[in-house]
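A structural walkthrough
What follows is each chain in one-letter form.
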Amino acid sequence: MRFKLFLLCLLMLPGLSQAYWTGIGAYLGQSDTDWLFNANAFEADTRRYGLHIEERTEPGLRVGAGLGQFSVRLRDLQGVEATEKFNGEFLEFYLSWPFEINQNLTLHSRLDYQFNLGSPSGSEDENEDIDWNEAGLTLGIAIRLGIISLRPFINWREIDGDTTTNNSTRTFSEEESQISGLILDIYVEPTGYVRLKSTLGESSSIWLGFIREY
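Model, not experiment: these values are computed from the prediction.

Let us look at the overall build of the protein chain. Per the secondary structure count, the protein chain includes one helix and twelve strands. In the protein chain, the order of α-helices and β-strands from amino to carboxyl end is α-β-β-β-β-β-β-β-β-β-β-β-β. Here the protein chain holds 214 residues, and 41% of them are scored as buried. For the protein chain, contacts bridging at least 24 residues in sequence account for 56% of all contacts bridging at least 6. If you sum the accessible surface of the protein chain, you get close to 11800 Å²; carbon and sulfur atoms cover 57% of it.

Here's what the structure looks like:
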């Protein structure tokens, strides 16, 4: 799956017609999940912040792109290997389609791809790095209650990547492939809202965003 959704997004962008700029957002977040290096599990504590913009096509399909920075700390759950820390940048693309059933109920779907590239903290060796790809599908239903919108969702996600340090390369993947969570939107203006997104379980995360849509 590596790079496939990335290429798909790039190929679809030129073919979209009658699109106009519709929104911008800034966000920051933190997540804890388990990555598998062969048979060994590592806890990946990831923190990131970034910006995104999106356009809406005539049928209502939304096309978005974002970029930002991340830091990730890898801790061996068996306590054998030393903890590693990496810093880097990410680039993401997504397609989303909100389908409004009525004024208070909307179905949401989203297909996204993210590429992450970084290096060990404090290292100046260009041959040492970490890179991984994330591809996901999210389905949810939003219930609007006044200035508040509640959206429970399910996300299917695949992660694969590798690290190159000390002249050795290790591949890894994410242990959890399905997660669920809740998105809370608080509308401070008709077109502006604060978003809080959270997931629970073995793969937990919290995400805060400030978004304006038109």
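Of all residues in the protein chain, 88% have pLDDT values of 70 or greater, and the mean over the chain is 87. Within the model, the stretch residues 1–19 combines pLDDT values under 50 with 31 contacts to residues more than four positions away or in other chains.

A word on a nonpolar patch on the surface. On the surface, a nonpolar cluster with roughly 660 Å² of combined accessible area is contributed by Ile-143, Leu-145, Ile-147, Ile-148, Leu-150, Leu-182, Ile-186 and Val-188. Among the elements of the structure, strand S7 (129–145), strand S8 (148–165) and strand S10 (178–187) are those that each provide at least two residues to the nonpolar patch. With respect to the element layout, Ile-186 can be found in strand S10. Residue Ile-186 is classed as partly exposed on the basis of its relative accessible area of 34%.

Now for the pairing of S10. Burial of S10 is one-sided: the residues Ile-179, Gly-181, Ile-183, Asp-185 and Tyr-187 facing one way are buried, the residues Gln-178, Ser-180, Leu-182, Leu-184 and Ile-186 facing the other way are not. Direction of pairing for S8 relative to S10: antiparallel, over a ladder of nine bridges. Bridging across to S10, Arg-151 finds its partner in Ile-183. Note: S10 against strand S11 (residues 192–199), seven bridges, orientation antiparallel. For Leu-182, the partnering residue across the bridge sits in S11 and is Ser-198.

With that settled, consider the environment of Glu-213. With respect to the helices, strands and loops of the structure, Glu-213 is situated in strand S12 (residues 204–213). Since its relative accessible area comes to 21%, Glu-213 is described here as partly exposed. Taking the C-alpha atoms as reference, Glu-213 lies 9.6 Å from Ile-53; in sequence the two are 160 residues apart. Within the structure, the side chain of Glu-213 is placed 3.0 Å from the side chain of Tyr-193, a separation counted as a polar contact.

Reading the values: rules and limits
- The numbering scheme is per chain: residues are counted from 1 as the chain's sequence reads.
- For a predicted model such as this one, the threshold for reporting local features is a pLDDT of at least 70, and the threshold for listing and counting side-chain atom pairs is 80 or more; totals across whole chains, interfaces and linings nevertheless cover every residue.
- The side-chain figures draw on all heavy atoms in the structure; neither hydrogens nor water molecules are used.
- For the purposes of this entry, the term helix denotes a DSSP run of H or I that reaches at least four residues, the term strand denotes a run of E that reaches at least two, and both are numbered from the N terminus.
- We call a residue buried when its accessible area falls under 20% of the maximum for its residue type, exposed when it is over 50%, and partly exposed in between, using a 1.4 Å probe and counting protein chains only.
- Whether two residues touch is decided by their heavy atoms; if any such pair falls within 4.5 Å, the residues are in contact.
- Note that accessible areas follow from Shrake-Rupley with a 1.4 Å probe, and for residues the cover is restricted to the protein chains shown.
- Predictor confidence is given residue by residue as pLDDT, running from a minimum of 0 to a maximum of 100.
- Only residues whose relative accessible area exceeds 30% and that form no salt bridge are eligible for patches; like-charged ones are grouped when within 9 Å, while nonpolar side chains (Val, Leu, Ile, Met, Phe, Trp, Tyr) are grouped when within 5 Å.
- The rule for a salt bridge is simple: a side-chain nitrogen of Lys or Arg has to be within 4 Å of a carboxyl oxygen of Asp or Glu.
- At least two bridges found by DSSP between two strands is the condition for calling them paired.
- Here a polar contact is taken to be a pair of N or O atoms separated by no more than 3.5 Å, where protein atoms must pair a possible hydrogen donor with a possible acceptor and residues adjacent in sequence count only if both atoms sit in side chains.

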